[in-house]
Amino acid sequence: MPAKQKLYVFDVDGTITKNDSFLLLIKFVCPGILNRSVLWMKCLLLLPKVILKKDISVIKYHILKLLFKGVSRSDLNKTGDMFYKKVLGENVLPKAATYIAELRKEEVKIVFLSASCEFWLKPLAADYGASLICSRLEFYNDNFTGTVLGENCKGEEKRRRLTAVFPADKYEFICFGNSESDRKLAPISEAYYHNHFA
């Protein structure tokens, strides 16, 4: 049986970045404090749903819908590119950037695994030579419908999506995370590192 290939798996928000990229994105597309206040006021109406479902991602999905429903894929990608150049690129933790740069010299496989969405993480992954597995948006006629496809990519869903693309019988996972849901990766990992770059 051939030896397993090493795969370095990084959560993004709070693991290799200083801040949550989604919150940074909101500030980027809603620069005024008044705009953000109106947005959060609308989200307060969702609190009963959040309590019932015990899932804060309900608010995240609602904000995505409010901000981007009907926006074309190409315009979302342009927003993601600008956001990376002006904000997210500067938010990467220096220790994480150095570590990943060293890995790239060894030509090992790198994956960014995140509950955040593709259009604002794709430029980050491309810049660091990483594959990207993340939450996905639904498009119709190439416009965002306001819906997120499938489950939020966190916890057990992260593990399921990772092993669907990179089977555990072929890859040896070295995982990095910062939340309790990231710890779900530990049982399938050769090594799991928590808050390694903080």
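For clarity, every value in this text was computed on a predicted model and none was experimentally measured. (Residues numbered from 1 in each chain as written. Predicted model: local features only at pLDDT ≥ 70, side-chain atom pairs only at ≥ 80, totals over all residues. Heavy atoms only, no water.)

Trainee: Mind showing me how you'd approach the overall build of the protein here?
Mentor: If you tally the helices and strands in the protein, you get eight helices and six strands. Starting at the N terminus and walking to the C terminus, you meet the elements of the protein as β-α-α-α-α-α-α-β-α-β-β-α-β-β. Looking at the protein as a whole, 42% of its 198 residues qualify as buried. Partitioning the contacts of the protein with sequence separation of at least 6, the portion at a separation of at least 24 is 65%. (Helix = DSSP H or I, 4+ residues; strand = E, 2+ residues; numbered from the N terminus. Buried < 20%, exposed > 50% of the residue type's maximum accessible area, 1.4 Å probe, protein only. Contact = heavy atoms within 4.5 Å.)

Trainee: Whenever I open this one, the environment of phenylalanine 22 confuses me. Can you help?
Mentor: Inspection of the secondary structure assignment puts phenylalanine 22 in helix α1 (residues 21–29). A relative accessible area of 7% means that phenylalanine 22 is categorised as buried. Beyond its immediate stretch of four places on either side in the chain, phenylalanine 22 contacts Lys60, Ile63, Leu64, Ser116 and Trp120.

Trainee: Just to check I follow, could you spell out the packing of α1 against helix α5 (residues 73–91) for this structure?
Mentor: Each pair of packed helices gets described by two things: the angle between the helix axes and the distance between those axes. Closest axis-to-axis distance for the α1/α5 pair is 10 Å, and the angle between their directions is 120°. Considering the angle they form, α1 stands oblique to α5. For the pair α1 and α5, the crossing hand works out as right-handed. Seen from α1, the contacting residues are Ser21, Leu24, Leu25, Phe28 and Val29; seen from α5, they are Thr79, Met82, Phe83, Lys86, Val87, Leu88 and Asn91. Looking at the contact of α1 with α5 residue by residue, the classes come out as eight nonpolar, three polar and one charged. (Axes fitted to C-alpha atoms, helices over the stretch in contact; angles between N-to-C directions. Parallel < 35°, antiparallel > 145°, perpendicular 65-115°, else oblique. Left-handed = near helix turned anticlockwise from the far one by under 90°. Nonpolar A, V, L, I, M, F, W, Y, C, P; charged D, E, K, R; others polar.)

Trainee: What's the story with the sheet that holds strand β2 (residues 109–117) in this structure? I'm lost.
Mentor: Either a parallel or an antiparallel arrangement is found when strands of a sheet pair, and the pairing is made through backbone hydrogen bonds. One open sheet accounts for six strands, arranged β4-β3-β2-β1-β5-β6; its pairing is mixed. Because the sheet does not close on itself, it has two edges, and the strands there are β4 (143–149) and β6 (189–194). Between one strand axis and the next, the sheet turns through 30° on average, direction left out of account. The sheet contact formed by β2 and strand β3 (residues 131–140) spans five bridges and is parallel. Each bridged residue has a counterpart across the sheet, and for valine 111 the counterpart in β3 is serine 131. Here helix α7 (residues 118–127) sits on the sheet and contacts β2 and β3; the angle it forms with β2, its principal contact strand, is near 155°. (Pairing = 2+ DSSP bridges.)

Trainee: I'm lost on the nonpolar core in this one. Help?
Mentor: Most often, soluble globular proteins have nonpolar side chains that are buried together. Residues Phe10, Ile16, Leu64, Phe112, Trp120, Leu124 and Leu137 are the most contacted members of the largest nonpolar core, which totals 37 residues. Tallying contributions element by element places α7 first for this core, with five residues. Once you skip the residues sitting within four places of it in the chain, leucine 137 turns out to touch Leu64, Leu76, Cys117, Phe119, Phe144, Thr147, Val148 and Leu149. The next biggest cluster of nonpolar side chains, apart from the first, holds 13 residues, and it includes Val111, Leu113, Ile133 and Tyr171. (Core = buried A, V, L, I, M, F, W, Y, C linked by side-chain atoms within 4.5 Å.)

Trainee: I'm lost on the pattern of salt bridges in this one. Help?
Mentor: Opposite charge on two side chains permits them to pair, given that their charged atoms come into close proximity. All told, the structure shown has nine salt bridges when counted by the stated rule. Between lysine 158 and aspartate 11 there is a salt bridge whose closest N-O contact spans 2.7 Å. Linking lysine 158 in helix α8 (residues 156–165) with aspartate 11 in the loop between β1 (5–10) and α1, this pair joins segments that are 147 residues apart in sequence. The pair formed by lysine 158 and aspartate 11 is uniform in burial state, with each residue classed as buried. (Salt bridge = Lys/Arg side-chain N within 4 Å of Asp/Glu carboxyl O.)

Trainee: Which parts of the structure should I look at to understand the side chain of serine 116?
Mentor: Its location among the elements puts serine 116 in strand β2. Given the relative accessible area of 1%, serine 116 is considered buried. Engagement of the side chain of serine 116 in a polar contact is seen with the side chain of aspartate 13, the distance being 2.6 Å. In this structure serine 116 touches Asp13, Ser21, Phe22, Lys60, Leu121, Cys134 and Ser135, once residues within four positions along its chain are discounted. (Polar contact = N/O pair within 3.5 Å; in protein donor to acceptor, adjacent residues only side chain to side chain.)

Trainee: I would appreciate a short explanation of the confidence of the model for the protein in the present structure.
Mentor: The predicted coordinates should not be examined in detail at positions where pLDDT is low. Confidence along the protein averages 89 in pLDDT terms, with 87% of residues attaining 70 or more. Mean pLDDT per element in the protein: helix α3 (residues 47–53) is the minimum at 51, and α7 is the maximum at 98. (pLDDT = per-residue confidence, 0-100.)

Trainee: Could you clarify how one ought to interpret the pairing of β3 in this entry?
Mentor: The side chains of a regular strand alternate, first on one face of the sheet and then on the other. The β-α-β motif built from β2, the intervening α7 and the parallel element β3 has right-handed crossover chirality. Two elements, β3 and β4, share four bridges in a ladder whose sense is antiparallel. Paired with leucine 137 across the bridge in β4 is valine 148. Linking two consecutive strands that pair antiparallel, namely β3 and β4, is a turn of two residues; a positive phi of about 50° is found at asparagine 141 within it. (Right-handed = clockwise from strand over helix to strand, strands pointing away.)

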